[in-house]
Amino acid sequence: MMTTKKRRQNVAVLFVVGMAAAFLTACGPPGARDLHRGEKALQSGDYETAIAHFSEATRILVSAPPSVQSKAFGFLGLAYHQAGQLEPASLNYLKALKLDHNNEAVDYNLGCLRMAQNNYPGAMDYFTTCVSLNPRDVNSYLKLGT
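Since the model is a prediction, treat every value here as computed from it, not as a measurement. (Residues numbered from 1 in each chain as written. Predicted model: local features only at pLDDT ≥ 70, side-chain atom pairs only at ≥ 80, totals over all residues. Heavy atoms only, no water.)

Considering the overall build of the protein chain
Put simply, the test is: Strands here are runs of E lasting at least two residues and helices are runs of H or I lasting at least four, both read from the DSSP assignment and numbered beginning at the N terminus. Two residues qualify as a contact provided that any one of their heavy atoms is within 4.5 Å of a heavy atom in the partner residue. All accessible areas in this document rest on Shrake-Rupley with a 1.4 Å probe, and a residue is counted as covered only by the protein chains that are shown.
The secondary structure content of the protein chain amounts to eight helices and zero strands. In the protein chain, the order of α-helices and β-strands from amino to carboxyl end is α-α-α-α-α-α-α-α. Once local pairs closer than 6 in sequence are excluded, the contacts in the protein chain between residues at least 24 apart make up 41%. Here the protein chain has roughly 9,100 Å² of accessible surface; of this, 61% comes from carbon and sulfur atoms.

As structure tokens, this is what we get:
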């Protein structure tokens, strides 16, 4: 009889934890919620929805710390990049770097963007910055060698 009681308690605890996680994800602050939804859309390949969510996040997070704003602009740039819209991607990546000069992911993505634009000296600059920010990142070395 004791084991049945424990199982019910475990199920109840799991249910409460699951509900709390769902509540926090769905009802978080608007900017964070838009970032999360944008990331999900980006991962699923729905770039237009991702662009919409990230655009809203950049608008809402205008008074957030620079590193948070940089993350939002970096994701917006990535969504545009994946959608094949290279000019808006570049503009948003540069906004992200202006807010946070040490955003290694944005430097890497800008390097990839410059390679796609056949701007190899520009790509080298961004990959070199990546290597200097994180000397252990093999991908940056590989891209730099390319």
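Next comes the rest of the description.
Re the nonpolar core
The cut-off we apply is this: For our purposes a nonpolar core is just a set of buried Ala, Val, Leu, Ile, Met, Phe, Trp, Tyr and Cys residues, chained together by side-chain atoms within 4.5 Å. Buried residues are those whose accessible area, probed at 1.4 Å on protein chains only, stays under 20% of the maximum for their type, while exposed residues exceed 50% and partly exposed ones sit between those limits.
One finds Leu35, Leu42, Phe54, Tyr93 and Leu110 to be the most contacted residues of the largest nonpolar core, which totals 24 residues. Among the elements of the structure, helix 2 (30–44), helix 3 (47–60), helix 4 (66–82), helix 5 (86–99) and helix 6 (104–116) are those that each provide at least two residues to this core. With seven residues, helix 4 is the largest single contributor of residues to this core.

Structural notes on the pattern of salt bridges
Short version of the rule: Here a salt bridge means any side-chain nitrogen of Lys or Arg lying within 4 Å of a carboxyl oxygen belonging to Asp or Glu.
Applying the stated criterion across every chain yields a total of one salt bridge. Between Arg59 and Glu56 there is a salt bridge whose closest N-O contact spans 2.4 Å. Taken as a pair, Arg59 and Glu56 lie in helix 3 at a separation of three residues, close to a single helical turn. The partly exposed category is assigned to Glu56, whose relative accessible area is 28%.

Remarks on the side chain of Asp34
What counts here: Charge counting treats Lys and Arg as positive and Asp and Glu as negative, with His and both chain ends excluded.
Mapped onto the elements, Asp34 comes out in helix 2. The side chain of Asp34 sits in the buried core without any salt bridge; Arg37 is the nearest counter-charge, 5.0 Å away. Other than its neighbours up to four places away in sequence, Asp34 contacts His53, Glu56, Ala57 and Ile60.

Topic: the packing of aromatic side chains
The criterion, for reference: For Phe, Tyr and Trp, rings pair up if their centres lie within 6.5 Å, where Trp contributes its six-membered ring, and each pair is then called stacked (planes under 30 degrees apart), edge-to-face (over 60) or tilted (otherwise).
All chains considered together, the criterion is met by two aromatic pairs. Relative to Phe75, the ring of Phe54 has its centre 5.3 Å away and its plane inclined at 10°; by these criteria the two rings are stacked. Taken together, the residues span a long stretch of sequence, with Phe54 in helix 3 and Phe75 in helix 4 at a distance of 21 residues.

Remarks on the packing of helix 6 against helix 8 (residues 138–145)
Helix-helix packing is described using two parameters, namely the angle between the two axes and the distance between the axes. Keep this limit in mind: As a rule, the C-alpha atoms of each element are fitted with a line to give its axis, helices using only the stretch in contact, and angles between N-to-C directions run from 0 to 180 degrees. Orientation is classified from the angle alone, with under 35 degrees giving roughly parallel, over 145 giving roughly antiparallel, 65 to 115 giving roughly perpendicular, and any other angle giving oblique. It is the rotation of the near helix from the far one that decides the hand of a crossing: anticlockwise by less than a right angle makes it left-handed, clockwise makes it right-handed. Under the convention adopted here, Pro, Cys and the residues Ala, Val, Leu, Ile, Met, Phe, Trp and Tyr are nonpolar, Asp, Glu, Lys and Arg are charged, and Gly plus all remaining residues are polar.
Where helix 6 meets helix 8, the axes come as close as 11 Å, and the angle between the chain directions of the two elements is 20°. As the angle between them shows, helix 6 and helix 8 are arranged roughly parallel. In terms of crossing hand, the pair formed by helix 6 and helix 8 is left-handed. For the pair formed by helix 6 and helix 8, the contact residues are Tyr108, Cys112 and Met115 on the first element and Asn139, Ser140 and Lys143 on the second. Looking at the contact of helix 6 with helix 8 residue by residue, the classes come out as three nonpolar, two polar and one charged.

A few points about the confidence of the model for the protein chain
Definition in use: Residue-level confidence of the predictor, termed pLDDT, takes values from 0 up to 100.
When pLDDT is averaged along the protein chain, the result is 85; 81% of the residues meet or exceed 70. Element-level mean pLDDT values for the protein chain span from 45 in helix 1 (residues 2–26) up to 97 in helix 5. Every residue in residues 1–26 scores below 50 in pLDDT, and together they form five contacts with partners more than four places removed in sequence or on other chains.

Comments concerning helix 4
Stated formally: Helix span, expected: 1.5 Å multiplied by one less than the number of residues in the helix.
With 17 residues, helix 4 ought to run about 24 Å at 1.5 Å a step, and its terminal C-alpha atoms sit 24 Å apart, in line with that. Most of helix 4 is tucked away, with 12 of its 17 residues classed as buried. By the burial criterion, the buried members of helix 4 are Gln69, Ser70, Ala72, Phe73, Gly74, Phe75, Leu76, Gly77, Leu78, Ala79, Tyr80 and His81. The inward-facing, buried residues of helix 4 abut helix 2, helix 3, helix 5 and helix 6. Looking one or two residues past helix 4, Gly84 carries a phi angle of roughly 85°, positive in sign.

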